[in-house]
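Commentary on secondary and tertiary structure
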Amino acid sequence: MTNEVSLGPAPEGDQDLLVSQRRYRKMRIAAVLSVSIVAIVPLLIMTGVNAYQYQQALRTEVTGPLVRFAANGKQSLESFLSERLSALAMVVRERSYEELRDSRQLNRVLVNLRQAFGGFVDLGVIDEQGVQVSYAGPYELEGRSYSDYNWFHEVGVRGLYVSDVFMGYRNIPHFVIAIRQSTGAGSEFVLRATIDTDVINTLVGSLAVHGSGDAFLLNRENILQTASRLYGDVLQRCPLPPFPYSTQAELIETEDESGESLIASYAQIPRSPFTLVLLSPRSELHAGWLSLRQDVLIFLGISVLLTLAVVIGGSTYVVNRAREADLKRAALYHKMEYTNKMAAIGRLGAGVAHEINNPLAIITEKAGLLKDLVMLSEEMPPRDKLIGLVNSVLKSADRCGGITHRLLGFAKHMEVQRETIDLDVLLQEVLGFLEKEAVYRDIHVDFAFPEEPPAVVSDRGQLQQVFLNIVNNAFAAVEDGGHIQIGIQEVGKGAVAVSIADDGVGIPEESLSHIFDPFFTTKKGAGTGLGLSITYGIVQKLGGQVSVESKVGEGTCFTVTLPTGQAFP
Amino acid sequence: MEAEALRILIVDDEEELVSAVEERLNLRGFQAHGVTTGTAALEYLADKPCDVVLLDVKMPGLGGLEVIKRIKEEHPGLEVILLTGHGSAQDADRGMQLGAFDYVMKPVKIDVLVRLLLSAAERKDKGDV
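All figures in this text were calculated on a predicted structure; none of them were measured in a lab.

This brings us to the overall build of chain A. What chain A contains, in helices and strands, is 13 helices and 17 strands. Every one of the 569 residues in chain A was classed for burial, and the buried ones make up 44%. Summed over its atoms, the accessible surface of chain A is roughly 29300 Å², and 56% of this surface lies on carbon and sulfur atoms.

Here it is, written out as structure tokens:
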């Protein structure tokens, strides 16, 4: 059975992201938004509810009088009409048809009516055929026939009639009331009176609510029966939509053709075509509301600003502290990585020192021999011999230089630098550090590279560290004479896997899931327990994954999968 | 001493080092011979007389410690001076336990080496007596 552990990207792995400004800006925005919502939404709701209630109260205060005025106005108008209709009824009961046919008598009646009630302009008596048989008033209308007029038929059917307002001969608005009565001789006649609208105008005008209000009468066709402040003079069409029938004072909200929003109270006057309408612009309603709203808005604004100031200040403080802590942690992690790298280098130290010592020893001996030949021989040594020795010295010095160069290049502190890297070359460089150890311990290192291994865009120093950590572990795991196989394989598109397999002691199953944990070590006292944890962190940071398979006694295989990244042109 | 030059066997995997040391010792009146593997050293010692062996500890194949063990078994009277790299004190200690006369760290000053070889030879002579 083979144990396998594979670890995917972990969020804390990306140190660069951790310290990036954008992340903290997002964090701050999230904090500000969430706390603001919790703090401000209830405030808004409460203010809204209060404002709504207050608005309702204000509304009642404005609409109450409107409805009351409409009811009273309707009452007055109804009385006005009733009075006049009753007066006509009394006349036709008190006077006979014969008397009323007499124009002089009719004139007296008109004078009485004017004195008693006012508003009467003229009187006329019309016989069954629709001919005005007598007339009292300012015009010469005696003998005129009304048989073709609608009103004449209506009064015939209903017994009494109130007309729409119309402009009479004097070009003054009037309306007509008429009443039907039996002549006592089997036929009927109609007493008709023209009523001046002055009284009605005054009455209706007085109902208009202070300032911007309006009050007027409409007939059934929505024609103005009295002058309107808003919609013009008598007999103009009123632009409001028709009002539903109601003899009770009703309140509706409506708007006229210009879109002006209005509150209307209206009532139909019974036994007449008239509807009393009282209007108040909504802005009237708002006048009181506006000043209140201003207060509420100022209060709300200050509250919201204060809350936001506290929330933003608080969030900024907290996020900044978090950022500082993260930066410290990142710095610490960076330092830890560096320490691990240095430790890895330290472990290579012996081998490297040996490697340097060998050419150094050669230099010493060759130079010494050169001196010996000059000092100890009696004759000058041959030229070829000297050049051979000097060349040896130079070659060995080069070897030393190469080793120190490689070590220094590796030990450099790692600023993240992206470059195109040939993994095969890099792996061979890393193995170069362990070449001597491999030779002395007879460890066989095999490379299984494809013809053209894919290049990756990554950080050279960090990849060196990753592979050095893993290869060091492999060297520690194998016996002398063991085998290590290093392979490169392209996996899918945009990824390449480097596998480092050994035939060493293997990792027990119970340890396998912990090997990437910090401070976990099986090398009792010999390791920091940070190597693989740091390896894991670096691979995450480079956008890759690291996995391990192992079986005790058979060996271990680490696989590092790296994104190939965008190759440089 | 002039009459009988000391016979020295130099064993190191670096051929160039071996040849230089060999020549320098010869210039100083020793009779030095160099080989580059432990196996070659043991073969050489099997049929050639020798006074002191200068032996590198770290060599591929047969390592210095294995070689000294075998020398002490096969030629108990032979003195061995170990050549060690920097930081392999453990190997040197191990070598001393196995009966090395002394050890020197590379690179070696020739005077120091000559002195050591002489004292090693002296002890061998005493041992012989």
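Continuing now.
All names here are of chain A. One finds Leu423, Leu463, Phe467 and Ile500 to be the most contacted residues of the largest nonpolar core, which totals 43 residues. Going through the elements one at a time, helix H9 (423-433), helix H11 (460-477), strand S14 (483-490), strand S15 (495-502), helix H13 (531-541), strand S16 (545-551) and strand S17 (555-563) are the ones with two or more residues in this core. Among the elements that line this core, the one with the most residues is H11, at 8 residues. When sequence neighbours within four positions are dropped, the list of residues in contact with Ile500 reads Phe467, Ile470, Val471, Ala474, Ile484, Gln485, Ile486, Thr556, Cys557 and Phe558. Grouped together as the second largest cluster of nonpolar side chains are 42 residues, Leu85, Tyr97, Val234 and Ile263 included.

All names here are of chain A. Across the sheet, which stays open at both edges, the 4 strands sit in the order S7-S10-S9-S8 with antiparallel pairing between neighbours. Lying at the two open borders of the sheet, with one neighbouring strand each, are strand S7 (214-218) and strand S8 (250-255). Across this sheet, the average inter-strand angle for adjacent strands is 30°, counted without regard to direction. Of the pairings in the sheet, the one linking S7 to strand S10 (residues 275-281) comprises 5 bridges and is antiparallel in character. Directly across from Phe216, in S10, lies its bridge partner Val277. Sheet strands touched by helix H6 (residues 198-207): S7 and S10. Its angle to S7, the strand with the most contacts, is close to 140°.

Its location among the elements puts Ala474 of chain A in helix H11. Among residues more than four places away in sequence, those in contact with Ala474 of chain A are Ile484, Ile500 and Asp502 of chain A.

Let us look at the packing of H9 of chain A against H11 of chain A. Residue and element names in this part refer to chain A. Relative orientation of the contacting elements H9 and H11 amounts to 55°, with a least axis distance of 9 Å. In terms of orientation, H9 lies oblique with respect to H11. In this structure, H9 crosses over H11, and the sense of that crossing is right-handed. Residue-level contacts link Leu423, Leu426, Leu427, Glu429, Val430 and Leu431 of H9 to Arg460, Leu463, Gln464, Phe467, Leu468, Val471 and Phe475 of H11.

What follows deals with the sheet that holds strand S1 (residues 7-11) of chain B. All names here are of chain B. Taken together, the 5 strands give an open sheet; going across it, the order is S2-S1-S3-S4-S5, and neighbouring strands pair in parallel fashion. Edge positions in the sheet fall to strand S2 (31-35) and strand S5 (102-105), since each has one partner strand and no second. When strand polarity is set aside, the average angle formed by the axes of neighbouring strands in this sheet is 20°. Relative to S5, strand S4 (residues 79-84) runs parallel, the two sharing 4 bridges. Bridge pairing in S5 places Leu82 opposite Tyr103.

Residue and element names in this part refer to chain A. Applying the stated criterion across every chain yields a total of 11 aromatic pairs over all chains. Considering the side-chain rings of Tyr146 and Tyr149, the 5.5 Å spacing of their centres and the 65° angle between planes classify their relative orientation as edge-to-face. Ring centres of Phe243 and Tyr266 lie 4.9 Å apart, and the angle between their planes is 35°; this geometry places the pair in the tilted category. With a gap of 23 residues between them, Phe243 in the loop between S7 and S8 and Tyr266 in strand S9 (residues 261-268) connect regions that are remote in the sequence. Summarising the burial analysis for this pair, Phe243 and Tyr266 share the class buried.

Our focus in this paragraph is the pairing of S1 of chain B. Residues and elements named next belong to chain B. Among the 5 residues that make up S1, 4 are buried, leaving the element largely enclosed by the rest of the structure. Pairing of S1 with S2 involves 5 bridges; the strand directions are parallel. Each bridged residue has a counterpart across the sheet, and for Arg7 the counterpart in S2 is Gln31. The β-α-β motif built from S1, the intervening helix H1 (residues 15-27) and the parallel element S2 has right-handed crossover chirality. Relative to strand S3 (residues 52-56), S1 runs parallel, the two sharing 4 bridges. If you follow Leu9 over to S3, its bridge partner there is Val53.

Here we take up the pattern of salt bridges. Applying the stated criterion across every chain, the model contains 22 salt bridges over all chains. Two residues, Arg24 of chain B and Glu365 of chain A, come together in a salt bridge whose shortest N-O distance is 3.2 Å. Highlighted residues: Arg24 of chain B in helix H1 and Glu365 of chain A in helix H7 (residues 282-376), drawn from two different chains. By the burial criterion, Arg24 of chain B is buried, and Glu365 of chain A matches it. Across the pair Glu23 of chain B and Lys385 of chain A runs a salt bridge, and its minimum N-O distance is 2.4 Å. Of this pair, Glu23 of chain B sits in helix H1 while Lys385 of chain A sits in helix H8 (residues 383-411), which puts the two residues in different chains. Of the residues examined, Glu23 of chain B reaches a relative accessible area of 23% and is grouped as partly exposed.

Once that is clear, we can look at unusual backbone geometry. Cis peptide bonds are those with omega within 30 degrees of zero, and the linkage from Lys106 of chain B to Pro107 of chain B qualifies with -10°. By the secondary structure assignment, Pro107 of chain B is in the loop between S5 and helix H5 (110-128). In the Ramachandran plot, Asn222 of chain A falls in the positive-phi region, its phi being about 65° despite a non-glycine side chain. Looking at the secondary structure, you find Asn222 of chain A in the loop between S7 and S8. According to the relative accessible area criterion, Asn222 of chain A is buried, its value standing at 8%.

Turning to the interface of chain A and chain B, a few remarks are in order. With 23 residues of chain A in contact, the opposing surface of chain B contributes 20 residues. For the pair chain A and chain B, the summed buried area comes to about 2100 Å², and 55% of that belongs to carbon and sulfur atoms. The interface formed by chain A and chain B includes 7 salt bridges. For Lys366 of chain A, the salt bridge identified is with Glu16 of chain B, shortest N-O distance 3.7 Å. Our count for the chain A to chain B interface comes out at 11 residue pairs in polar contact (both at pLDDT 80 or more). Those elements giving two or more residues to the side of chain A that touches chain B turn out to be H7, H8 and helix H10 (435-441) of chain A. Among the residues forming the side of chain A that touches chain B, the class breakdown is 9 nonpolar, 7 polar and 7 charged.

Procedures and definitions
Residues numbered from 1 in each chain as written. Chains lettered and ligands numbered in written order. Predicted model: local features only at pLDDT ≥ 70, side-chain atom pairs only at ≥ 80, totals over all residues. Heavy atoms only, no water. Helix = DSSP H or I, 4+ residues; strand = E, 2+ residues; numbered from the N terminus. Buried < 20%, exposed > 50% of the residue type's maximum accessible area, 1.4 Å probe, protein only. Areas by Shrake-Rupley, 256 points an atom, 1.4 Å probe, with all protein chains shown as cover. Core = buried A, V, L, I, M, F, W, Y, C linked by side-chain atoms within 4.5 Å. Contact = heavy atoms within 4.5 Å. Pairing = 2+ DSSP bridges. Axes fitted to C-alpha atoms, helices over the stretch in contact; angles between N-to-C directions. Parallel < 35°, antiparallel > 145°, perpendicular 65-115°, else oblique. Left-handed = near helix turned anticlockwise from the far one by under 90°. Phe/Tyr/Trp six-rings, centres within 6.5 Å; stacked < 30°, edge-to-face > 60°. Right-handed = clockwise from strand over helix to strand, strands pointing away. Salt bridge = Lys/Arg side-chain N within 4 Å of Asp/Glu carboxyl O. Buried area = accessible area lost by both parts, 1.4 Å probe. Polar contact = N/O pair within 3.5 Å; in protein donor to acceptor, adjacent residues only side chain to side chain. Nonpolar A, V, L, I, M, F, W, Y, C, P; charged D, E, K, R; others polar.

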